[in-house]
Amino acid sequence: MHTLIGPFSQIIPLDNLAFKGPLTDENLRTIDKGGVLVKDGKIAATGPFEELYKSRPAGTEVQEIEEQSVLLPGFIDSHTHICFAGSRARDYSLRVAGKSYQEILKQGGGIHDTVGKTREASEEDLVQNIIRRVHRHIKEGVTTIEVKSGYGLNVEEELKMLRAIRKAGEQVSAELIPTCLAAHVKPKDFAEASDYLTYILEELLPKVKAEKLTERVDIFVEPEAFPVDASRPYLQKAKEMGFALTLHADQFTSGGSLLATEIGALSADHLESSTEQDVKALAHSNTVATVLPGASLGLGMQYSPARRLLDAGACLAIATDWNPGSAPMGDLLLQASLLGAAEKLSMTEVLAGLTFRAAAALALTNRGTLIKGALADMQSFPTHDFREILYFQGKLKARKVWKSGKLLQA
Ligand SMILES: [Zn+2]
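About the criteria used
Residues numbered from 1 in each chain as written. Predicted model: local features only at pLDDT ≥ 70, side-chain atom pairs only at ≥ 80, totals over all residues. Heavy atoms only, no water. Donors = N, O, S within 2.8 Å, 3.2 Å for Na, K, Ca; no water. Buried < 20%, exposed > 50% of the residue type's maximum accessible area, 1.4 Å probe, protein only. Helix = DSSP H or I, 4+ residues; strand = E, 2+ residues; numbered from the N terminus. Contact = heavy atoms within 4.5 Å. Salt bridge = Lys/Arg side-chain N within 4 Å of Asp/Glu carboxyl O. Axes fitted to C-alpha atoms, helices over the stretch in contact; angles between N-to-C directions. Parallel < 35°, antiparallel > 145°, perpendicular 65-115°, else oblique. Left-handed = near helix turned anticlockwise from the far one by under 90°. Nonpolar A, V, L, I, M, F, W, Y, C, P; charged D, E, K, R; others polar. Domains from an automatic or database assignment. Buried area = accessible area lost by both parts, 1.4 Å probe. Polar contact = N/O pair within 3.5 Å; in protein donor to acceptor, adjacent residues only side chain to side chain.

**Student:** So what exactly am I meant to see when it comes to the coordination of the zinc ion here?
**Tutor:** Geometry reference: four tetrahedral donors at a metal, ideal angle 109.5 degrees. Six octahedral donors, ideal angles 90 or 180 degrees. Looking at the metal site, the zinc ion is ligated by His79 (NE2), His81 (NE2), His248 (NE2) and Asp321 (OD), spaced 2.1 to 2.2 Å from it. Looking at Asp321, the relative accessible area reads 2%, which means it is buried.

**Student:** I'm lost on the environment of Ile82 in this one. Help?
**Tutor:** Here Ile82 lies in the loop between β6 (75-77) and α2 (89-96). Sequence separation of Ile82 and Ile389 is 307 residues, and the distance between their C-alpha atoms is 25 Å. Contacts of Ile82, omitting those with residues within four sequence positions, involve Ile130, Arg133, Val134, Ile145, Val147 and Trp322.

**Student:** Would you mind going over the pattern of salt bridges with me for this structure?
**Tutor:** Pairing is possible between side chains that carry opposite charge, provided their charged atoms lie close to one another. Applying the stated criterion across every chain yields a total of 22 salt bridges. Asp40 is the salt-bridge partner of Lys39, the closest N and O atoms lying 3.6 Å from each other. Note on Asp40: relative accessible area 63%, which makes it exposed. A salt bridge links Arg232 to Asp229, with the nearest nitrogen and oxygen atoms 3.6 Å apart. Note that Arg232 and Asp229 are positioned in helix α8 (residues 228-240) at a spacing of three residues, about one turn of the helix. On the accessibility criterion, Asp229 (61% relative accessible area) is exposed. What you see here is one network of salt bridges that share partners, running through Glu146, Lys148, Arg216 and Asp218.

**Student:** Would you explain the packing of helix α9 (residues 256-263) against helix α10 (residues 276-283) in this entry?
**Tutor:** Angle between the axes and distance between the axes are the two parameters that describe a pair of packed helices. Between α9 and α10, the shortest axis-to-axis distance is 9 Å and the interhelical angle comes to 25 degrees. One way to sum up the angle between α9 and α10 is to call them roughly parallel. Note that α9 runs across α10; the crossing there is left-handed. Where α9 abuts α10, its residues Ser257, Leu258 and Thr261 lie against Gln277, Asp278, Ala281 and Leu282.

**Student:** Explain the packing of helix α6 (residues 155-171) against helix α7 (residues 193-210) here, please?
**Tutor:** Running from N to C, α6 and α7 point in directions that differ by 35 degrees, and their axes come no closer than 10 Å. Seen from above, α6 lies across α7 with right-handed handedness. For the pair α6 and α7, contact is made by Val155, Glu158, Leu159 and Leu162 and by Tyr199, Glu203, Leu204, Lys207 and Val208, respectively. Looking at the contact of α6 with α7, its residues break down into six nonpolar, no polar and three charged.

**Student:** Whenever I open this one, the environment of Glu388 confuses me. Can you help?
**Tutor:** With respect to the helices, strands and loops of the structure, Glu388 is situated in helix α16 (residues 387-391). Discounting residues that sit within four places of it in the chain, Glu388 has contacts with Thr383 and Leu396.

**Student:** So what exactly am I meant to see when it comes to unusual backbone geometry here?
**Tutor:** Most peptide bonds adopt trans geometry, and most residues besides glycine take a negative phi value. Between Gly6 and the following residue, Pro7, the backbone shows a cis peptide bond with an omega angle of -5 degrees. Tracing the backbone shows Pro7 in strand β1 (residues 2-11). The backbone of Ser404 sits at a positive phi, close to 45 degrees, despite the residue not being glycine. Considering the arrangement of structural elements, one finds Ser404 in the loop between β15 (400-403) and β16 (406-409).

**Student:** Mind showing me how you'd approach the domain arrangement of the protein here?
**Tutor:** Accessible area lost during the coming together of the parts is what is often quoted as the interface size. For the protein, the domain assignment lists domain 1 (2-74 + 367-409) and domain 2 (75-361). For domain 1 and domain 2, the distance between their C-alpha centroids amounts to 29 Å. Counting residues at the interface gives 35 residues for domain 1 and 39 residues for domain 2. Across the domain 1/domain 2 interface, buried area totals approximately 3000 Å², and carbon plus sulfur atoms make up 64% of it. Inspection of the region where domain 1 meets domain 2 yields three salt bridges. Among the salt bridges present, the one from Asp331 reaches Lys397, with a minimum N-O distance of 2.7 Å. Where domain 1 meets domain 2, there are 15 residue pairs in polar contact (both at pLDDT 80 or more). Sorting the residues of the side of domain 1 that touches domain 2 by element identifies β5 (70-73), β14 (378-381), α16, β15 and β16 as the ones contributing at least two each. With four residues, α16 is the single largest residue contributor to the side of domain 1 that touches domain 2. Taken together, the residues of the side of domain 1 that touches domain 2 sort by class into 19 nonpolar, nine polar and seven charged.

Here it is in C-alpha coordinates:
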(Lines give C-alpha, C1' and ligand atoms only; values in the text may rest on other atoms or scores of the structure.)
Protein backbone atom coordinates (compact mmCIF):
# COMPACT_ATOMS: atom_id res chain seq x y z
CA MET A 1 0.00 0.00 0.00
CA HIS A 2 1.24 3.47 -0.94
CA THR A 3 1.02 6.65 1.10
CA LEU A 4 1.39 10.04 -0.52
CA ILE A 5 2.48 12.79 1.87
CA GLY A 6 2.31 16.49 1.00
CA PRO A 7 2.21 19.09 -0.32
CA PHE A 8 5.23 20.52 1.47
CA SER A 9 6.26 24.12 0.77
CA GLN A 10 9.75 22.77 0.07
CA ILE A 11 11.38 19.37 0.03
CA ILE A 12 15.15 19.18 0.47
CA PRO A 13 16.02 15.71 -0.84
CA LEU A 14 19.80 16.13 -0.30
CA ASP A 15 20.40 14.08 -3.43
CA ASN A 16 23.21 14.30 -5.97
CA LEU A 17 25.63 15.80 -3.47
CA ALA A 18 29.25 14.72 -3.07
CA PHE A 19 30.15 12.50 -0.11
CA LYS A 20 33.37 14.39 0.49
CA GLY A 21 34.58 17.96 0.38
CA PRO A 22 32.91 21.38 0.35
CA LEU A 23 29.30 21.93 -0.72
CA THR A 24 27.68 25.21 -1.68
CA ASP A 25 24.01 26.07 -1.33
CA GLU A 26 23.89 26.46 -5.11
CA ASN A 27 24.38 22.65 -5.22
CA LEU A 28 21.26 22.12 -3.14
CA ARG A 29 18.13 20.98 -4.96
CA THR A 30 14.79 22.08 -3.56
CA ILE A 31 11.37 20.89 -4.72
CA ASP A 32 8.65 23.49 -4.27
CA LYS A 33 5.16 22.21 -3.45
CA GLY A 34 6.63 18.74 -3.21
CA GLY A 35 5.32 15.36 -2.17
CA VAL A 36 6.73 12.00 -1.15
CA LEU A 37 5.25 8.66 -2.13
CA VAL A 38 6.03 5.94 0.43
CA LYS A 39 5.72 2.19 0.10
CA ASP A 40 6.75 -0.44 2.68
CA GLY A 41 8.61 2.14 4.74
CA LYS A 42 10.70 3.33 1.82
CA ILE A 43 10.50 6.23 -0.56
CA ALA A 44 8.94 5.24 -3.86
CA ALA A 45 9.11 8.72 -5.40
CA THR A 46 9.86 12.33 -4.52
CA GLY A 47 8.66 15.17 -6.72
CA PRO A 48 6.04 17.83 -7.34
CA PHE A 49 2.95 16.91 -5.27
CA GLU A 50 0.47 17.56 -8.10
CA GLU A 51 2.27 15.14 -10.43
CA LEU A 52 2.54 12.44 -7.77
CA TYR A 53 -1.14 12.92 -6.91
CA LYS A 54 -2.27 12.55 -10.51
CA SER A 55 -0.22 9.42 -11.13
CA ARG A 56 -0.76 7.80 -7.72
CA PRO A 57 -1.43 4.05 -7.72
CA ALA A 58 -4.98 2.90 -6.93
CA GLY A 59 -5.68 2.75 -3.19
CA THR A 60 -2.99 5.25 -2.22
CA GLU A 61 -3.65 6.87 1.15
CA VAL A 62 -3.07 10.61 1.04
CA GLN A 63 -1.63 12.31 4.15
CA GLU A 64 -2.38 15.92 3.47
CA ILE A 65 -0.08 18.59 4.86
CA GLU A 66 -2.04 21.77 5.36
CA GLU A 67 0.51 24.04 7.01
CA GLN A 68 3.64 25.62 5.56
CA SER A 69 6.42 23.13 5.98
CA VAL A 70 9.85 22.09 4.79
CA LEU A 71 10.66 18.38 4.57
CA LEU A 72 14.15 17.03 5.31
CA PRO A 73 15.56 13.56 5.92
CA GLY A 74 15.54 12.55 9.59
CA PHE A 75 18.77 13.48 11.34
CA ILE A 76 21.36 10.84 12.20
CA ASP A 77 23.31 11.22 15.45
CA SER A 78 26.33 9.02 14.82
CA HIS A 79 28.03 9.46 18.22
CA THR A 80 26.31 9.34 21.62
CA HIS A 81 26.83 7.93 25.10
CA ILE A 82 23.17 8.04 26.21
CA CYS A 83 23.37 4.75 28.13
CA PHE A 84 24.37 6.00 31.59
CA ALA A 85 23.09 6.69 35.07
CA GLY A 86 23.62 9.74 37.25
CA SER A 87 24.48 13.35 36.51
CA ARG A 88 27.76 15.25 36.49
CA ALA A 89 26.30 18.66 37.30
CA ARG A 90 28.70 18.92 40.23
CA ASP A 91 31.69 18.37 37.91
CA TYR A 92 30.33 21.03 35.60
CA SER A 93 29.96 23.55 38.42
CA LEU A 94 33.57 22.91 39.46
CA ARG A 95 34.86 23.10 35.88
CA VAL A 96 33.19 26.41 35.04
CA ALA A 97 34.53 27.77 38.34
CA GLY A 98 38.03 26.99 37.06
CA LYS A 99 38.93 23.70 38.74
CA SER A 100 41.23 21.44 36.73
CA TYR A 101 40.39 17.93 35.52
CA GLN A 102 42.78 16.52 38.13
CA GLU A 103 41.16 18.47 40.96
CA ILE A 104 37.70 17.31 39.89
CA LEU A 105 38.94 13.71 39.82
CA LYS A 106 40.36 14.15 43.33
CA GLN A 107 36.97 15.28 44.57
CA GLY A 108 35.38 12.05 43.32
CA GLY A 109 34.15 13.43 39.99
CA GLY A 110 35.09 12.57 36.44
CA ILE A 111 34.23 9.51 34.40
CA HIS A 112 34.67 7.10 37.32
CA ASP A 113 31.67 8.76 39.00
CA THR A 114 29.50 7.81 35.99
CA VAL A 115 31.06 4.33 35.94
CA GLY A 116 30.07 3.83 39.59
CA LYS A 117 26.49 5.03 39.06
CA THR A 118 26.07 3.02 35.86
CA ARG A 119 27.36 -0.14 37.54
CA GLU A 120 24.89 0.41 40.41
CA ALA A 121 21.98 0.82 37.99
CA SER A 122 20.02 -2.26 36.90
CA GLU A 123 19.80 -3.17 33.24
CA GLU A 124 16.16 -2.06 33.28
CA ASP A 125 17.10 1.32 34.81
CA LEU A 126 19.50 1.85 31.91
CA VAL A 127 16.85 0.80 29.38
CA GLN A 128 14.48 3.43 30.78
CA ASN A 129 17.20 6.10 30.80
CA ILE A 130 18.00 5.41 27.14
CA ILE A 131 14.34 5.43 26.13
CA ARG A 132 13.78 8.80 27.81
CA ARG A 133 16.71 10.34 25.95
CA VAL A 134 15.76 8.72 22.65
CA HIS A 135 12.24 10.14 22.91
CA ARG A 136 13.71 13.62 23.25
CA HIS A 137 15.89 13.02 20.20
CA ILE A 138 12.93 11.75 18.14
CA LYS A 139 10.97 14.91 19.00
CA GLU A 140 13.90 16.86 17.60
CA GLY A 141 13.89 14.93 14.33
CA VAL A 142 16.66 12.39 15.04
CA THR A 143 15.61 9.01 13.66
CA THR A 144 18.89 7.03 13.82
CA ILE A 145 21.03 7.15 16.96
CA GLU A 146 24.35 5.50 17.66
CA VAL A 147 24.73 4.53 21.34
CA LYS A 148 28.00 3.47 22.98
CA SER A 149 28.72 1.34 26.01
CA GLY A 150 31.81 2.38 27.98
CA TYR A 151 30.75 3.08 31.56
CA GLY A 152 30.89 -0.57 32.61
CA LEU A 153 34.60 -1.25 32.08
CA ASN A 154 34.40 -4.94 32.87
CA VAL A 155 32.89 -7.90 31.06
CA GLU A 156 29.69 -8.15 33.06
CA GLU A 157 28.93 -4.43 33.15
CA GLU A 158 29.77 -3.77 29.49
CA LEU A 159 27.47 -6.65 28.53
CA LYS A 160 24.77 -5.14 30.74
CA MET A 161 25.08 -1.84 28.91
CA LEU A 162 25.01 -3.41 25.45
CA ARG A 163 22.00 -5.54 26.38
CA ALA A 164 20.24 -2.43 27.70
CA ILE A 165 20.92 -0.63 24.40
CA ARG A 166 19.47 -3.58 22.49
CA LYS A 167 16.36 -3.75 24.71
CA ALA A 168 15.80 -0.01 24.46
CA GLY A 169 16.14 -0.30 20.68
CA GLU A 170 13.29 -2.80 20.63
CA GLN A 171 11.00 -0.31 22.41
CA VAL A 172 11.60 2.92 20.48
CA SER A 173 10.76 4.09 16.99
CA ALA A 174 14.22 5.44 16.22
CA GLU A 175 16.86 2.93 15.17
CA LEU A 176 19.66 2.50 17.69
CA ILE A 177 23.11 1.49 16.45
CA PRO A 178 25.14 0.02 19.34
CA THR A 179 28.92 0.34 19.71
CA CYS A 180 31.22 -1.37 22.22
CA LEU A 181 33.38 1.30 23.88
CA ALA A 182 34.79 -0.88 26.64
CA ALA A 183 38.09 0.89 25.83
CA HIS A 184 36.77 4.23 27.11
CA VAL A 185 39.24 4.65 29.98
CA LYS A 186 41.48 2.26 31.88
CA PRO A 187 39.60 0.98 34.94
CA LYS A 188 41.28 1.48 38.30
CA ASP A 189 41.90 -2.23 38.86
CA PHE A 190 44.29 -2.55 35.87
CA ALA A 191 47.83 -1.19 36.12
CA GLU A 192 48.53 -1.10 32.38
CA ALA A 193 46.28 0.05 29.54
CA SER A 194 47.53 -2.78 27.32
CA ASP A 195 46.59 -5.41 29.95
CA TYR A 196 43.06 -4.09 30.06
CA LEU A 197 42.84 -4.10 26.23
CA THR A 198 44.01 -7.72 26.15
CA TYR A 199 41.34 -8.56 28.74
CA ILE A 200 38.63 -6.95 26.54
CA LEU A 201 39.86 -8.81 23.46
CA GLU A 202 39.97 -12.16 25.21
CA GLU A 203 37.08 -11.98 27.66
CA LEU A 204 34.54 -9.47 26.34
CA LEU A 205 34.55 -9.22 22.55
CA PRO A 206 33.97 -12.97 21.95
CA LYS A 207 30.84 -12.73 24.15
CA VAL A 208 29.71 -9.55 22.37
CA LYS A 209 30.02 -11.44 19.10
CA ALA A 210 28.28 -14.55 20.36
CA GLU A 211 25.31 -12.53 21.59
CA LYS A 212 25.40 -10.35 18.44
CA LEU A 213 25.25 -7.24 20.64
CA THR A 214 27.12 -4.99 18.21
CA GLU A 215 29.30 -5.05 15.12
CA ARG A 216 31.19 -1.91 16.09
CA VAL A 217 34.16 -1.24 18.38
CA ASP A 218 35.36 2.17 19.56
CA ILE A 219 38.38 3.31 21.61
CA PHE A 220 39.35 6.60 23.26
CA VAL A 221 42.83 7.28 21.91
CA GLU A 222 44.68 9.73 24.17
CA PRO A 223 47.90 9.40 26.19
CA GLU A 224 45.74 9.65 29.36
CA ALA A 225 43.31 6.93 28.16
CA PHE A 226 44.76 4.56 25.51
CA PRO A 227 47.97 5.67 23.75
CA VAL A 228 48.34 5.11 20.02
CA ASP A 229 50.82 2.25 20.44
CA ALA A 230 48.50 0.31 22.75
CA SER A 231 45.44 1.11 20.62
CA ARG A 232 46.85 -0.12 17.31
CA PRO A 233 47.09 -3.86 18.13
CA TYR A 234 43.72 -3.71 19.90
CA LEU A 235 42.04 -2.26 16.83
CA GLN A 236 43.84 -4.67 14.50
CA LYS A 237 42.60 -7.66 16.49
CA ALA A 238 39.07 -6.28 16.76
CA LYS A 239 39.10 -5.79 12.99
CA GLU A 240 40.26 -9.38 12.49
CA MET A 241 37.31 -10.47 14.62
CA GLY A 242 35.04 -8.73 12.12
CA PHE A 243 34.21 -5.54 14.00
CA ALA A 244 33.90 -2.21 12.22
CA LEU A 245 36.03 0.44 13.88
CA THR A 246 35.54 3.99 15.07
CA LEU A 247 37.86 6.08 17.24
CA HIS A 248 37.71 8.93 19.72
CA ALA A 249 40.57 10.81 18.10
CA ASP A 250 42.53 14.06 18.55
CA GLN A 251 40.29 15.48 21.29
CA PHE A 252 43.16 16.84 23.39
CA THR A 253 46.25 15.61 21.51
CA SER A 254 46.89 14.60 17.92
CA GLY A 255 47.55 10.96 17.01
CA GLY A 256 44.20 9.16 16.95
CA SER A 257 43.03 10.32 13.53
CA LEU A 258 46.24 9.14 11.82
CA LEU A 259 45.70 5.74 13.42
CA ALA A 260 42.05 5.80 12.28
CA THR A 261 43.03 6.38 8.65
CA GLU A 262 45.90 3.88 8.84
CA ILE A 263 43.61 1.14 10.15
CA GLY A 264 40.67 1.94 7.86
CA ALA A 265 38.22 3.03 10.55
CA LEU A 266 34.73 4.11 9.52
CA SER A 267 35.11 7.36 11.41
CA ALA A 268 37.46 9.43 13.54
CA ASP A 269 35.45 11.46 16.03
CA HIS A 270 36.24 14.70 17.96
CA LEU A 271 39.29 16.21 16.10
CA GLU A 272 39.45 19.40 18.21
CA SER A 273 43.26 19.10 18.25
CA SER A 274 43.86 17.76 14.73
CA THR A 275 46.94 19.13 12.97
CA GLU A 276 47.27 20.02 9.28
CA GLN A 277 48.79 16.59 8.70
CA ASP A 278 45.78 14.92 10.38
CA VAL A 279 43.35 16.97 8.29
CA LYS A 280 45.16 15.95 5.10
CA ALA A 281 45.22 12.28 6.07
CA LEU A 282 41.48 12.31 6.80
CA ALA A 283 40.77 14.08 3.52
CA HIS A 284 42.70 11.47 1.57
CA SER A 285 40.97 8.56 3.29
CA ASN A 286 37.50 7.08 3.41
CA THR A 287 37.33 7.66 7.17
CA VAL A 288 34.52 10.06 8.03
CA ALA A 289 35.62 13.07 10.10
CA THR A 290 32.97 13.41 12.78
CA VAL A 291 32.97 16.63 14.76
CA LEU A 292 31.19 16.99 18.10
CA PRO A 293 30.34 20.64 18.81
CA GLY A 294 28.43 19.64 21.97
CA ALA A 295 31.72 18.60 23.58
CA SER A 296 33.33 21.94 22.69
CA LEU A 297 30.34 23.78 24.19
CA GLY A 298 30.31 21.60 27.31
CA LEU A 299 34.03 21.93 27.94
CA GLY A 300 34.35 25.53 26.79
CA MET A 301 37.04 24.63 24.27
CA GLN A 302 37.67 25.30 20.59
CA TYR A 303 35.54 23.72 17.88
CA SER A 304 37.03 21.10 15.61
CA PRO A 305 38.36 22.53 12.34
CA ALA A 306 35.27 21.69 10.29
CA ARG A 307 35.98 24.29 7.59
CA ARG A 308 39.55 23.11 7.07
CA LEU A 309 38.44 19.48 6.97
CA LEU A 310 35.88 20.20 4.26
CA ASP A 311 38.22 22.41 2.24
CA ALA A 312 40.85 19.67 2.33
CA GLY A 313 38.26 17.24 0.97
CA ALA A 314 37.09 15.24 4.00
CA CYS A 315 33.64 13.78 4.59
CA LEU A 316 32.34 15.77 7.57
CA ALA A 317 29.65 14.45 9.90
CA ILE A 318 28.26 16.32 12.92
CA ALA A 319 27.11 14.48 16.05
CA THR A 320 26.24 15.34 19.66
CA ASP A 321 28.59 13.21 21.77
CA TRP A 322 25.64 13.34 24.23
CA ASN A 323 27.19 12.19 27.52
CA PRO A 324 26.98 13.17 31.18
CA GLY A 325 30.51 14.53 31.53
CA SER A 326 31.42 16.81 28.64
CA ALA A 327 28.31 17.10 26.46
CA PRO A 328 25.13 16.90 28.53
CA MET A 329 22.95 19.04 26.21
CA GLY A 330 22.32 16.56 23.41
CA ASP A 331 20.61 19.04 21.05
CA LEU A 332 21.94 18.12 17.62
CA LEU A 333 20.35 20.89 15.56
CA LEU A 334 21.32 23.65 17.98
CA GLN A 335 24.91 22.43 18.18
CA ALA A 336 25.23 22.04 14.41
CA SER A 337 23.82 25.55 13.87
CA LEU A 338 26.34 27.10 16.25
CA LEU A 339 29.19 25.14 14.68
CA GLY A 340 28.08 26.29 11.24
CA ALA A 341 28.08 29.94 12.31
CA ALA A 342 31.50 29.72 13.98
CA GLU A 343 33.20 27.63 11.30
CA LYS A 344 31.54 29.31 8.30
CA LEU A 345 29.87 26.22 6.92
CA SER A 346 27.28 26.48 4.17
CA MET A 347 23.80 25.32 5.12
CA THR A 348 24.21 22.44 2.69
CA GLU A 349 27.40 21.34 4.45
CA VAL A 350 25.67 21.36 7.84
CA LEU A 351 22.58 19.50 6.59
CA ALA A 352 24.79 16.94 4.80
CA GLY A 353 26.73 16.43 8.05
CA LEU A 354 23.51 15.65 9.89
CA THR A 355 22.14 13.25 7.29
CA PHE A 356 23.81 11.27 4.52
CA ARG A 357 27.36 12.01 5.59
CA ALA A 358 26.50 10.94 9.16
CA ALA A 359 24.98 7.77 7.69
CA ALA A 360 28.36 7.04 6.06
CA ALA A 361 29.99 7.19 9.51
CA LEU A 362 27.73 4.29 10.48
CA ALA A 363 28.15 2.48 7.13
CA LEU A 364 24.43 2.93 6.48
CA THR A 365 23.67 3.46 2.82
CA ASN A 366 19.87 3.35 2.98
CA ARG A 367 19.09 6.69 4.65
CA GLY A 368 20.00 10.34 4.92
CA THR A 369 18.46 11.43 1.61
CA LEU A 370 14.92 11.52 0.24
CA ILE A 371 15.57 9.58 -2.94
CA LYS A 372 13.78 6.53 -4.28
CA GLY A 373 14.69 3.45 -2.30
CA ALA A 374 15.82 5.27 0.85
CA LEU A 375 14.08 4.65 4.16
CA ALA A 376 11.25 7.14 4.60
CA ASP A 377 12.90 8.67 7.69
CA MET A 378 11.76 12.28 7.48
CA GLN A 379 10.97 15.42 9.44
CA SER A 380 9.08 18.59 8.61
CA PHE A 381 9.68 22.08 9.99
CA PRO A 382 7.02 24.79 10.27
CA THR A 383 8.45 27.23 7.71
CA HIS A 384 8.35 27.77 3.95
CA ASP A 385 12.11 28.44 3.63
CA PHE A 386 14.66 25.75 4.58
CA ARG A 387 17.21 28.42 5.49
CA GLU A 388 15.14 29.34 8.56
CA ILE A 389 15.99 25.95 10.11
CA LEU A 390 19.63 26.86 10.74
CA TYR A 391 18.93 30.61 10.92
CA PHE A 392 16.94 30.09 14.13
CA GLN A 393 19.90 28.14 15.54
CA GLY A 394 17.96 25.24 16.95
CA LYS A 395 14.89 27.09 18.19
CA LEU A 396 12.80 26.03 15.19
CA LYS A 397 12.10 22.37 15.91
CA ALA A 398 10.67 19.61 13.75
CA ARG A 399 6.88 19.54 13.88
CA LYS A 400 6.33 16.11 12.33
CA VAL A 401 8.69 13.15 12.31
CA TRP A 402 8.36 9.92 10.34
CA LYS A 403 10.38 6.72 10.78
CA SER A 404 10.19 4.27 7.89
CA GLY A 405 7.13 6.16 6.65
CA LYS A 406 5.27 5.96 9.96
CA LEU A 407 4.25 9.29 11.46
CA LEU A 408 5.66 9.40 15.00
CA GLN A 409 4.79 12.87 16.08
CA ALA A 410 2.28 15.44 14.90
ZN1 LIG B 1 32.31 10.38 22.76
